[in-house]
Amino acid sequence: MNSEPLADCVHCGFCLPTCPTYVVSGQETESPRGRIYLMDLAARGEISVDEAFGGHIDSCLGCLACVPACPSGVRYDKLIESVRPQVEREVPRGFADRLFRRLIFALFPYPNRLRLAALAGLLYTRSGLRTLLHRLGVVERLPSRLRALEALLPPVGLQALFSSVPEMTPGRGEVRLRVGLLAGCANRVFFGDVNAATVRVLAAEGCDVYVPRDNQCCGALSSHAGHEEDGAERAKATIEMFERYRLDVVVANVAGCGSALKEYGDILSGSPDFAERAKAFSAKVRDITELLAELPARTARAPLDLRVAYHDACHLANAQGVRSQPREVLRSIPGLSVHDIAEAELCCGSAGIYNLVQPDTAEELGRRKAENLQATGPDVVATANAGCLLQIRRFLDEGITVVHPVQLLDASIRGVALFATADLNAKTRERR
Amino acid sequence: MTGDVRAEFVAALGADAVLADPVELRAYECDGLTGFRVVPALVLLPRTAAAVADAVRICARERIPFVARGAGTGLSGGALPVANGVVISLQRLRSIIEVDPVNRRAVVEPGVTNLDISRAAAPHGLYFAPDPSSQQVCTIGGNIAENSGGAHCLKYGFTVHHVLSADVVLPDGTTAVLGADSPHLGGYDLLGAFIGSEGTLGIATRITVKLLPKPAAVRTLVADFPSVEQAGDAVTSIIAAGIVPAAAEMMDAVAIEAVQAALDAGYSRDTAAALIVELDGPQAEVDIQFAEVRQLCQNHGTTNIRVAGDEHERALVWKGRKAAFAAVGRISPDYIVQDGVVPRTLLATALTRIGELAAAAGLRVSNVFHAGDGNLHPLVLYSEAAGELERAEELSRAIAELCVDLGGSLSGEHGIGTDKACSMPRQFSEDDLATMALLRAAYDTDGICNPGKVLPTPRLCGEKPGVHRPHPLEAAGLIERT
Amino acid sequence: MTALCPSTVDELGAAIAETAATHPRLLITGNGTAEGWGAPARPADATVDTTGLTGVIRYSPADMTIAVRAGTPLAIVQQVVREHGQRVALDPARAAQDATVGGLLATADAGPLRTSHGSLRDLVIGTTVVLADGTTARSGGHVIKNVAGYDLAKLFHGSLGTLGVVAEVVLRLHPAPRAVTTVRVPASAEHGFQVATHLVTSGVEAAALEWCAGPDDRLLVRLEGTPDGVADRVREVSADGATVLTDDEACEEWSAVAATAVGEPGDTVVRFGALPAAGPAALGKIRAFADDLGLGVTISSSVPAGVHTVRVHGGAARAHSHLLAALHDDHHANVTVLRRDGLHTSSAWGPPPSAIRVMRAVKHRFDPTCRFGAGRFDGWLDDEKGLS
Ligand SMILES: Cc1cc2nc3c(=O)[nH]c(=O)nc-3n(C[C@H](O)[C@H](O)[C@H](O)COP(=O)(O)OP(=O)(O)OC[C@H]3O[C@@H](n4cnc5c(N)ncnc54)[C@H](O)[C@@H]3O)c2cc1C
Ligand code: SF4
Ligand code: SF4
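Described below are features of the structure shown in this document. (Residues numbered from 1 in each chain as written. Chains lettered and ligands numbered in written order. Predicted model: local features only at pLDDT ≥ 70, side-chain atom pairs only at ≥ 80, totals over all residues. Heavy atoms only, no water.)

**Some words on the interface of chain C and chain B**
Reasoning step 1: The interface is formed by 85 residues belonging to chain C together with 94 residues belonging to chain B.
Reasoning step 2: Counting the surface chain C buries against chain B, the share from its top three residues, Arg138(C), Lys145(C) and Tyr150(C), is 14%.
Reasoning step 3: In this structure, the salt-bridge partner of Asp189(B) is Arg121(C), at a minimum N-O distance of 2.4 Å.
Reasoning step 4: Put simply, chain C and chain B have 30 residue pairs in polar contact (both at pLDDT 80 or more) between them.
Reasoning step 5: Here the side of chain C that touches chain B takes eight residues from helix H11 (residues 356-366) of chain C, the largest share from any one element.
Reasoning step 6: Here the side of chain C that touches chain B is composed, by residue class, of 39 nonpolar, 25 polar and 21 charged. (Contact = heavy atoms within 4.5 Å. Buried area = accessible area lost by both parts, 1.4 Å probe. Salt bridge = Lys/Arg side-chain N within 4 Å of Asp/Glu carboxyl O. Polar contact = N/O pair within 3.5 Å; in protein donor to acceptor, adjacent residues only side chain to side chain. Helix = DSSP H or I, 4+ residues; strand = E, 2+ residues; numbered from the N terminus. Nonpolar A, V, L, I, M, F, W, Y, C, P; charged D, E, K, R; others polar.)

This is how it looks when you write it as structure tokens:
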């Protein structure tokens, strides 16, 4: 492991209050400072990379709230990414743990498999089986991890599940940019609505939009979980996929994917034939809200009379430093007010696959986030990451819709009546 | 420690509150002063005050030494564990029990951070005055133990001036309330003695603090000076004019460079010293005195004055100042923060002498300090990898003792802890220290509460700790003593 | 009775060490202004008279600190520093009677300025004490910011001469205000509390907010600062019915406050602390009780701090004791008797605080043979044992 960044940590603890796992557990080993300290000891060979060590590395959400909080400039993101593979290699995992991890890695990066699983999930929820199993207490008896997976199943409609966007959508009026959109694996299945909204907004703002149809995962899940090789392979394939279209900008509407795309330059810097290409590629990557904030608006926006609580997705705010742009985009909608929340820097507990592998901590964090969001009395919660969307929805009171900011912009550009989410429509009408 | 005792801790506190894995214990082996490391036998994470008392009772019965730990940001090794002892972390006692706007006070658990108290009070227009630079992370328990100050203690005083009472678990496992609902109480000021005792007299488990109303007006300026000495003179003249600034803080060029690299807080990069002066209080008073301060800075040769235009700019000035220590991590792999105090009128002398000591040691020293009260924070920069640790420690000790020789103190706010215990004989006579030991023994008969801290011990300092030198004022016949 | 009259710390230490066998019981006295505080001292073998232990050891106007021998009257210190536009921000009533700095520390006394500056506990930055075996020990130092070692001055704050002799004191000074104005607002206790609370939260930074009862109920607001600044703030403070006092009027009012704390021969004076918001009700109860018992009371309350000084006069001695007992019932250990002429049989101290075991342990460690001040804490310290 590269020990240079380890030496930057002066043990001041400024990162502690931003770290969700520390806030929940109060344990030094569950904090950035503690994890860095252990990594340092491991790098010096003073402790072995064993189960206890691995446990505290695994429990890190990778939310990176600790990075901007650090006055000493410690690159925790680099540290955790370089230690995870080591843990994967050296820490023997129990059978159940292995199986569960394999299930996730076998499921999430593959849209078709995921779609199948979701369809099964849909049948499961629609058929009343879910209710039945809950009533019988079967769910409560599942191991907590499987329970988490079960609880995450979003209320997807059949239509959203199979809606997909065309490979190319021409921009309206004089075309300003050629934009590629990463459809995202989990996103494509669970959030067809978000992708459709993204395409519509970009096209309306004069961008030709290309959405490669390859079933390609960007590798974010793998990289963030320490599966280095897998991550690098997926990165190369993704670059090749987008290179086909000669794009000005590559847009992501999932924060986790966006930050992975932006890291390709680093991940592949050692690869002779990909280093340059990856660098050039990463330079083109924007989050959808970043691009929209950069592009002077062309379209007229209809008022939306809504109170919106905005939740900073970790991979957007901390990993990409994108905080003001989503707010700007939202504020460009007349009638809509954006509200910041208490403990904004604290992760909602979704981060990557965290809510699946560390469900107890994730649940406490999710509940806490939902409480802070609700305290602002919102009509709608907006967040720019699929994982957050799923996680937060679990804990919010009924009647508060969780959306991606681009969905609100889409609704505003198209006029409220066209907005797809039925209950939001009702809400808006009721206020008139 | 026997398995039976460990089992008893588990029975009393729950399994998830007892850490015994060797890897996990290592994470607790030091606090903010990483040069000292001791691995404890156990770490306890109680969730309630009652559980703290349970844990201490077991310790007392078994004569197991214990060390309370807050956020572990202490800079004197106060929370350094004791081998074969337990660390009692207060990080799970983090609720704000009550904010009482009418009586302007808050009741909190010890693990609540300093800043969270102010956050909870803010809706009522109130705040908790002590503001150590580490306020976003350090705990009120740690503040009490160290009698922490902050940039604004020149006008508002230290933690001891803002705590009304504390429920304390004494080293024998019994509990007592120190202090009362008002500052008037019968008998000795046992709370006052507890505050600043560095965790050696017991563990505070519930604390009532005073809250102050936010000042009606606040004005802040940053004045650049061609030398640190000139800036120091400006401060002296401001205070001589009968002005008590809320804060008067100074940073030298090295510190400014680090802060600007960490976050652009708008400090001029090409100046030798930046002096932050903040006035607060009634609008009329602040306006009048602010004009005087500007004039005095000008009289002392300031090259540029930047006045914070709004709350945002002001916050940025302070964010920069408060991040200064940690930001120095960007320009030096390692550093030691010193904390000596000199009479304000000797600031210039002290700084010159520190410069000489640093040159002689061949190390860089950056100065960030509370200029208003003469509390210096020389940062000794070094590289452990380059084998400079020992020289740095030597220099650091020399600076602390220089402060004593100038009629000041070893520590203004970070405490003696492990770090400076062996220098105590420089500042205090054997009788002074023996008398302090009486106070300690009154609270802690068996010597199990954070042993080895504050007072020099033969184990730590060798049989003959440094010899006491008479205080310079004694030597000059100005002070008498036996 | 033998009197030890040292004029230096050395002499003091020697005298105490030498008399250990011959004069085991000592009573420490200054100018005798607090003889009536607490419970009466039991007869001693000798007095330690600190009135010879006087003088400024070192005054550094630019550092705004002063070191004095403990027998120096506060009034003298004020005179010395006033020449440099400075003051000790402490105004206890006993200052006018030449109370010594050491005596004020040992009694934890303070005046209306406690609202803005606290008591001596908050102003002492260093102290030298002499213990029962003659050991001289110093804590703190000469700089205002200092956390090295334990703060012995805090233990001696309120010790009533039961731990050792305060020999030297180093004080933090403040700039003397360039202008001072007092505003009087007629107010009941309840209304006075509300006005005071409003003034505190409005950020007007009053130096003192003293509610006084008898003959009229009124709130005194003292503003200190620059001439223009004070004028401006006076306008802010002056509401309906408020009077801006002339210097003479102000002097008269503040003298009355001091007179309440001192009392007259035959009076009982008591000081107690309570939650600020509980003040009006507590004072109402005392007045009603005094009416029933046929007692006269004057009161002065530092409202924001919740510290109340009550002078009881007239009526029967037994009634004074009843009143004190009622105060003990409500305010427990936080009641101190400042003048006990009116009391006969009753104990000066209420139920001991929960920390009494620590207090006893401290006493036991510092003064194991009980040389100093036997009786002053009456029931509290009689059982002198260690913690365990
Ligand atoms: C970057 C940085 C800046 C700093 N700036 C300042 C500053 O401006 N001013 C300042 O005064 N300090 C400053 N400090 C020092 C430090 O933050 C303070 O001393 C703080 O009060 C320590 O709090 P903590 O919760 O981290 O305590 P810890 O470090 O965990 O413990 C400190 C001591 O308190 C004891 N303790 C902890 N909790 C309790 C309790 N409940 N009861 C009894 N004893 C207890 C421990 O045993 C130990 O002796 C700074 C530190 C850092 C790293
Ligand atoms: S804030 Fe940075 S330097 Fe401080 S402990 Fe955390 S990672 Fe280390
Ligand atoms: S990435 Fe998030 S969970 Fe991990 S150490 Fe940093 S703040 Fe904590």
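**Looking at the interface of chain A and chain B**
Reasoning step 1: Of the residues lining the interface, 30 residues belong to chain A; the matching set on chain B comes to 35 residues.
Reasoning step 2: Interface of chain A and chain B: buried area, both sides summed, is about 2500 Å²; carbon and sulfur atoms make up 54% of it.
Reasoning step 3: One can count two salt bridges joining chain A with chain B.
Reasoning step 4: Notably, a salt bridge pairs Arg26(B) with Glu46(A), separated by 2.7 Å at the nearest N-O pair.
Reasoning step 5: In this structure, the connection of chain A to chain B is made through 14 residue pairs in polar contact (both at pLDDT 80 or more).
Reasoning step 6: Elements represented by at least two residues in the side of chain A that touches chain B include exactly helix H2 (20-25), helix H3 (32-43) and helix H4 (51-58) of chain A.
Reasoning step 7: If one sorts the elements of the side of chain A that touches chain B by residue count, H3(A) sits on top with four residues.
Reasoning step 8: For the side of chain A that touches chain B, a count of residues per class yields 16 nonpolar, nine polar and five charged.

**Some points on empty space enclosed by the protein**
Any space left empty among the atoms is revealed by the rolling of a water-sized probe across them.
Reasoning step 1: What the rule picks out here adds up to 15 cavities of 30 Å³ or more.
Reasoning step 2: As a volume, the second largest cavity reaches approximately 360 Å³.
Reasoning step 3: Asn147(B), Val124(C), Asn146(C), Asp151(C) and Lys154(C) are the residues nearest the centre of the second largest cavity, which is lined by 27 residues in total.
Reasoning step 4: If you list the elements that add at least two residues to the lining of the second largest cavity, you get helix H7 (190-194) of chain B together with strand S7 (124-130), strand S8 (136-140) and helix H5 (152-156) of chain C.
Reasoning step 5: Counting residues per element, the lining of the second largest cavity draws most heavily on S7(C), which supplies four residues.
Reasoning step 6: When the residues that make up the lining of the second largest cavity are grouped by side-chain class, the tally is 11 nonpolar, 11 polar and five charged. (1 Å grid on protein atoms, 1.4 Å probe; cavity = no way out; pocket = protein on both sides within 12 Å on 5 of 7 lines; lining within 4 Å. Points joined across faces, edges and corners; volume = space filled by probe spheres on them.)

**Thoughts on the sheet that holds strand S18 (residues 375-382) of chain B**
All names here are of chain B.
Reasoning step 1: Here we have seven strands laid out as an open sheet, ordered S15-S12-S14-S13-S17-S18-S16, and antiparallel in their pairing. Only two strands of the sheet have a single partner each, and these edge strands are strand S15 (304-307) and strand S16 (334-337). On average, each strand axis in the sheet is tilted by 20° relative to the strand beside it, whichever way the strands run.
Reasoning step 2: Each of S16, strand S17 (364-370) and S18 touches helix H14 (residues 389-405); the most contacted strand, S18, lies at about 165° to it. (Pairing = 2+ DSSP bridges. Axes fitted to C-alpha atoms, helices over the stretch in contact; angles between N-to-C directions.)

**Overview of the site of ligand 1**
Reasoning step 1: By nearness alone, 35 residues border ligand 1, and Ala68(B), Gly70(B), Thr73(B), Ser134(B) and Thr139(B) come closest of all.
Reasoning step 2: Residues close to ligand 1 are split across chains A and B.
Reasoning step 3: Between ligand 1 and Gly70(B), the relevant distance is 2.7 Å, taken from an oxygen atom to a main-chain nitrogen or oxygen of the residue.
Reasoning step 4: Thr139(B) has a polar side-chain atom sitting 2.7 Å from an oxygen atom of ligand 1.
Reasoning step 5: For ligand 1, whose unbound accessible area comes to 980 Å², protein coverage reaches 99%.
Reasoning step 6: Counting residues per element, the ones that place at least two in the shell around ligand 1 are strand S3 (66-69), helix H5 (140-146) and strand S10 (203-210) of chain B.
Reasoning step 7: Counting residues per element, the shell around ligand 1 draws most heavily on H5(B), at five residues. (Near = heavy atom within 4 Å. Areas by Shrake-Rupley, 256 points an atom, 1.4 Å probe, with all protein chains shown as cover.)

**Some thoughts on the sheet that holds strand S6 (residues 105-108) of chain B**
All names here are of chain B.
Reasoning step 1: Taking strand neighbours across the sheet as the criterion, the five strands line up as S5-S6-S10-S8-S9 in an open arrangement whose pairing is antiparallel. In this open sheet, the two edge strands, each paired with only one partner strand, are strand S5 (96-100) and strand S9 (175-179). Across the sheet, the mean angle separating the axes of adjacent strands is 15° when strand polarity is ignored.
Reasoning step 2: The pairing of S5 with S6 spans four bridges and is classified as antiparallel. What sits directly across from Asp100, in S6, is Arg105.

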